[in-house]
Amino acid sequence: MITPPPWLDSSQAYLLGISGGRDSIALHHWLVSHGFKNIIPCHLNHRLRDQESDGDEAFLKELLGPSLISKSIDVAALASEQKLSLETAARRARHHFFRECAASTGIPKILLAHHADDQAETALFNLLRGSSGTKGMAEQHEIDGLTFLRPFLKVRRSEIDAFIKDGNFIYREDSSNTAPFATRNRIRHEALPLLADLLKRDPVPGILRSLELTSDLEEISQIHLDSLNLLDPQGRIHLPTFRDLPTSVQKKALHSYLSDHRIPELSSKIIESALTLLSPDASSSINLPGGQRLRRKESRLFLSP
């Protein structure tokens, strides 16, 4: 039985990011079954799967009627124009869409249907990429005045499957979820089943426990970093203070700084490259994902286009 997290309030108004797939459809029906009255579903058609994408939008319009806010955008064209990966372009398009929805409705809280198995896949992906250790998604996360909420983040996929089956709810299958060329899909369909076979047990609970431990340690380290006063009044990194830190703390501080400024696809290689800016003899700037640059000028590190 899926129980509401304590921070979710059925008397409040929320936007619901809905794709038409199993997870977001389950979240929609679960909210209805728990007495949430003021939920506005929001759907962005990424136009990445031609007729299938249009079919998702048509399905949701039939299911939800006039309460649905929907928009269509050519994410592939956006990625090409801005020289971004499809994943980054799609994420930016969704964020812009949610800002529009929040502005038109006056509701800044957005519910998303990520669940515990998504969390494990994200943590494993980040660990293997070397971006920041075992790191996953937050249940509550604020960006640019929007609060993203994930009430299913501690719910296993099997529980969602059971809820869908018990309610006989109809949803749309996304064919791209099984595409063998997508890294996240291969982690889901190949890596995790292989780990289960090797370990003779489900690897997801262990990954989630490791994630909780890392989160606890991050809270401690974040308190420490906040006390270092690394930023000047303009939000730039003060290099004389920064250079006095141990290398491990410098890496942590740089990752937090870039992450807070929504630099996508961070990796250990990017952090190592950023550390070269500490040397006065090195180049004064490096390129970052998403078209940004990290610059060194007048004893400061800062971001610029």
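Our subject is the structure that appears above.
This report concerns the structure included in the present document. (Residues numbered from 1 in each chain as written. Predicted model: local features only at pLDDT ≥ 70, side-chain atom pairs only at ≥ 80, totals over all residues. Heavy atoms only, no water.)

With that out of the way, let us pick up the side chain of D23. Here D23 shows up in helix α1 (residues 22-33). In this structure, D23 is in contact with A113, H115, D118, F152 and I160, ignoring residues within four places of it in sequence. (Helix = DSSP H or I, 4+ residues; strand = E, 2+ residues; numbered from the N terminus. Contact = heavy atoms within 4.5 Å.)

This part covers the pattern of salt bridges. Throughout the structure, instances matching the rule amount to 21 salt bridges. The partner of R172 in a salt bridge is D56, with the nearest N and O atoms 2.7 Å apart. Of the two residues, R172 is situated in the loop between α6 (157-167) and α7 (183-199) and D56 in helix α2 (residues 51-64); the sequence distance between them amounts to 116 residues. Residue R172 is classed as partly exposed on the basis of its relative accessible area of 28%. Of the charged contacts in the structure, one is a salt bridge between R156 and D117, with a shortest N-O distance of 2.9 Å. Taken as a pair, R156 in the loop between β6 (146-149) and α6 and D117 in helix α5 (residues 116-129) lie far apart in primary sequence, 39 residues in all. Using a relative accessible area of 21% as the deciding quantity, one classes R156 as partly exposed. Salt bridges here are not isolated pairs; linked through shared partners, they connect D117, D118, E121, R156, R157, R188 and D202. (Salt bridge = Lys/Arg side-chain N within 4 Å of Asp/Glu carboxyl O. Buried < 20%, exposed > 50% of the residue type's maximum accessible area, 1.4 Å probe, protein only.)

This part takes up α5. Since there are 3.6 residues in each turn of an α-helix, residues three or four apart along the chain are aligned in direction. Here α5 is 14 residues long and its end C-alpha atoms lie 20 Å apart, about the 20 Å a rise of 1.5 Å per residue gives. By the criterion of burial, α5 is predominantly enclosed, with 11 of the 14 residues buried. Along α5, the residues that are buried comprise A116, D117, D118, Q119, A120, E121, T122, A123, L124, F125 and N126. (Expected span 1.5 Å × (residues − 1).)

Another point: the sheet that holds strand β9 (residues 293-297). Through backbone hydrogen bonds, the strands of a sheet pair up, either in parallel or in antiparallel fashion. Here 4 strands make up an open sheet; going across it, the order is β7-β10-β9-β8 and the pairing antiparallel. For this open sheet the edge positions go to β7 (237-238) and β8 (285-287), each flanked by a neighbour on one side alone. In this sheet, strand β10 (residues 300-304) lies alongside β7 in antiparallel orientation, the contact comprising 2 bridges. Its bridge partner lying in β10, I237 is registered against L301. Its contacts with the sheet put helix α10 (residues 247-260) on β7, β9 and β10, and the angle it makes with β10 is roughly 30°. (Pairing = 2+ DSSP bridges. Axes fitted to C-alpha atoms, helices over the stretch in contact; angles between N-to-C directions.)

This brings us to the environment of S85. Note that S85 resides in the loop between α3 (75-82) and α4 (86-105). Its relative accessible area of 31% is what places S85 among the partly exposed residues. Along the backbone, S85 and K252 are 167 residues apart, and their C-alpha atoms lie at a distance of 25 Å.

The next point concerns the environment of R99. Within the secondary structure layout, R99 lies in helix α4. The sequence separation of R99 and I110 amounts to 11 residues, and the corresponding C-alpha distance is 9.9 Å. The residues contacting R99, other than those within four sequence positions of it, are D144 and L146.

Below, the discussion takes up the state of the cysteines. As enumerated under the stated definition, the model contains 0 disulfides in all. Just so you know, C101 is unpaired, no disulfide at all, and the nearest cysteine sulfur is the one on C42, 3.7 Å from it. A relative accessible area of 1% places C101 in the buried class. (Disulfide = S-S within 2.5 Å.)

Moving on, we get to α3. For α3, the complete set of buried residues consists of V75, L78 and A79. Along the axis of α3, the buried positions cluster into a sector of 100°, meaning they face one direction only. Of the exposed residues in α3, those oriented more than 90 degrees away from the buried face are S80 and E81. In this fold, the buried residues of α3 make contact with α4. Among the residues of α3, the N-terminal cap falls to D74, whose side-chain oxygen and the backbone nitrogen of A76 are separated by 3.3 Å. (Arc of directions from axis to C-beta. Polar contact = N/O pair within 3.5 Å; in protein donor to acceptor, adjacent residues only side chain to side chain.)

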